[in-house]
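Structural features, examined
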Amino acid sequence: MQTAFQLNKDNYHSNEANQHYMSVSQFKSAVECEAKMIAELKGEYTRPFSTALTVGSYLHAAFENKEAFEEFCESEKDVIFKKRGSGKYAEFEQADKMIETVENDPFCMHALTGEKEVIFTGELFGAQWKIKVDNINHEKRFFSDIKTTQELSKRYWSEKYNGWVSFVEAYDYVLQMAIYREIIHQNTGYYYTPYIVAVTKETPPDKAILHFDSSRFELELEYAQEHLPNIITAKSGEKEPKRCEKCDHCRVTKQLKNTFEIEFLLK
């Protein structure tokens, strides 16, 4: 099913665009809490400010182009720069070191060669999807994304995988690459190879270029196909969105109707 909504760089992140299209971030939000995702679509919930997300956007802008970086720094100057011209806040001084670490590595820069911030749309598992690819190289048929992390080898417990995983799996970057790969294939006729250029927040920063075994994508697509039907029906208003009763939105809107046995506290 096609949508008449005209998607572009100016409205890509708008609520209207999110109502017309599924995205990886929207899917992840819905898996965590359908009610929170729907409330955000309706304008009833706004995500709190995150310095970490702003630092990530700062790095992405730096590798997009000089103009985009300057525009970002100007739009976020109150977050990036200290008052009275005394330099940048510590998180952004560290981000500059991370940028330098990547820029000084020819292999990293090679992995980031291509067209920047490219939008594609496609249909997957009954939903219209939108993606914005940070970097795509049509000549060599690969796409790549910069990701920041605390340490390359830090482990995270994952309920999804029922075990200890890397930051790539913990933050569903494998899912992101699987969806992007499919939508790019629909638009180009080719399966492009995805890479992650990872840089750490350590002093000095560490770095790595990560690739994926293709079997990982099959598992992630099965995961998306399993969860999408409920998300689509919640988004269309055909069913009441499921509450997680743990997130900030659920805490604010919670109305108690019963008591709980103390075992509930450990769930």
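For the structure itself, look to the data block above.
A brief report on the enclosed structure follows. Everything numeric in this text was worked out from a predicted model, so none of it was measured. (Residues numbered from 1 in each chain as written. Predicted model: local features only at pLDDT ≥ 70, side-chain atom pairs only at ≥ 80, totals over all residues. Heavy atoms only, no water.)

As a further point, take the nonpolar core. In terms of nonpolar packing, the biggest core is built from 39 residues, with Phe27, Trp129 and Ile179 touching the most fellow members. The set of elements that each furnish at least two residues to this core consists of α2 (24-32), α3 (34-41), β1 (115-124), β2 (127-137), α9 (167-170), α10 (173-188), β6 (193-200) and α11 (215-235). With 9 residues, α10 is the largest single contributor of residues to this core. When near neighbours in sequence (up to four residues on either side) are disregarded, Phe27 contacts Met22, Trp129, Leu175, Tyr223, Ala224, His227, Leu228 and Ile231. (Core = buried A, V, L, I, M, F, W, Y, C linked by side-chain atoms within 4.5 Å. Buried < 20%, exposed > 50% of the residue type's maximum accessible area, 1.4 Å probe, protein only. Helix = DSSP H or I, 4+ residues; strand = E, 2+ residues; numbered from the N terminus. Contact = heavy atoms within 4.5 Å.)

Another point: the pairing of strand β3 (residues 142-149). Consecutive side chains along a regular strand alternate between the two faces of the sheet. With respect to burial, β3 is a largely interior element, 8 of its 8 residues being buried. What you see with β3 is no split at all: Phe142, Ser144, Ile146 and Thr148 on one side and Phe143, Asp145, Lys147 and Thr149 on the other are buried throughout. Of the pairings in the sheet, the one linking β2 to β3 comprises 3 bridges and is antiparallel in character. Across the sheet, residue Asn137 finds its bridge partner in β3, namely Phe142. Here β2 hands over to β3 after 4 residues, with Arg141 in that stretch at a positive phi of 55 degrees. (Pairing = 2+ DSSP bridges.)

So, on to the packing of α2 against α10. Viewed as axis vectors pointing N to C, α2 and α10 meet at an angle of 135 degrees, and their least axial separation amounts to 10 Å. Between α2 and α10, the angle falls in the class oblique. Seen from above, α2 lies across α10 with right-handed handedness. Across the interface between the two elements, Val24, Phe27 and Lys28 of α2 pack against Leu175, Gln176, Ile179 and Tyr180 of α10. In the contact of α2 with α10, the residues fall into 5 nonpolar, 1 polar and 1 charged. (Axes fitted to C-alpha atoms, helices over the stretch in contact; angles between N-to-C directions. Parallel < 35°, antiparallel > 145°, perpendicular 65-115°, else oblique. Left-handed = near helix turned anticlockwise from the far one by under 90°. Nonpolar A, V, L, I, M, F, W, Y, C, P; charged D, E, K, R; others polar.)

This brings us to the side chain of Arg181. By the element assignment, Arg181 lies in helix α10. At 4.3 Å, Glu182 is the nearest oppositely charged side chain to Arg181, a buried residue that forms no salt bridge. Excluding anything up to four places from it in sequence, Arg181 contacts Phe143, Tyr191, Tyr192, Pro194 and Phe217. (Lys, Arg positive; Asp, Glu negative; His and termini not counted. Salt bridge = Lys/Arg side-chain N within 4 Å of Asp/Glu carboxyl O.)

A few words on the pattern of salt bridges. Counted by the stated rule, this structure contains 11 salt bridges. We note a salt bridge from Glu34 to Lys239, for which the minimum N-O separation is 2.7 Å. A residue pair is termed long-range when its members are at least 10 positions apart, and Glu34 in helix α3 and Lys239 in the loop between α11 and α12 (248-253) qualify at 205 residues. Residue class for Glu34 comes out buried when judged on its relative accessible area of 8%. A salt bridge links Glu245 to Arg243, with the nearest nitrogen and oxygen atoms 2.8 Å apart. Since its relative accessible area comes to 36%, Glu245 is described here as partly exposed. For Arg243, a relative accessible area of 29% corresponds to the partly exposed category. Beyond isolated ion pairs, a larger network of salt bridges with shared partners links Lys160, Asp172 and Glu220.

What follows deals with α10. Look at α10: 22 Å from first C-alpha to last across 16 residues, which is about the 22 Å you get at 1.5 Å a residue. For α10, the buried fraction is high: 12 of the 16 residues fall into the buried class. Buried residues of α10: Tyr173, Val174, Leu175, Gln176, Met177, Ala178, Ile179, Tyr180, Arg181, Glu182, Ile183 and Ile184, and no others. Positioned one or two residues after α10, Gly189 has a phi angle of 85 degrees, which is positive. (Expected span 1.5 Å × (residues − 1).)

Moving on: unusual backbone geometry. Most peptide bonds take the trans configuration, and most residues that are not glycine carry a negative phi. Of note, the bond from Thr203 into Pro204 is cis; its omega dihedral lies within 30 degrees of zero at -5 degrees. The phi dihedral of Arg141 falls on the positive side, at around 55 degrees, and the residue is not glycine. Tracing the sequence through the fold places Arg141 in the loop between β2 and β3. We classify Arg141 as partly exposed; its relative accessible area is 35%. At Glu245, a residue that is not glycine, the phi angle is positive and equals roughly 60 degrees.

Secondary-structure assignment places Ser158 in strand β4 (residues 156-158). Between the C-alpha atoms of Ser158 and Asp96, which are 62 residues apart in sequence, the distance is 31 Å. Dropping the residues within four chain positions of it, Ser158 is found in contact with Gly163 and Val165. Looking at Ser158, its side chain comes within polar contact range of the main-chain nitrogen of Lys160, at 3.3 Å. Within the structure, the side chain of Ser158 is placed 3.0 Å from the backbone nitrogen of Tyr161, a separation counted as a polar contact. (Polar contact = N/O pair within 3.5 Å; in protein donor to acceptor, adjacent residues only side chain to side chain.)

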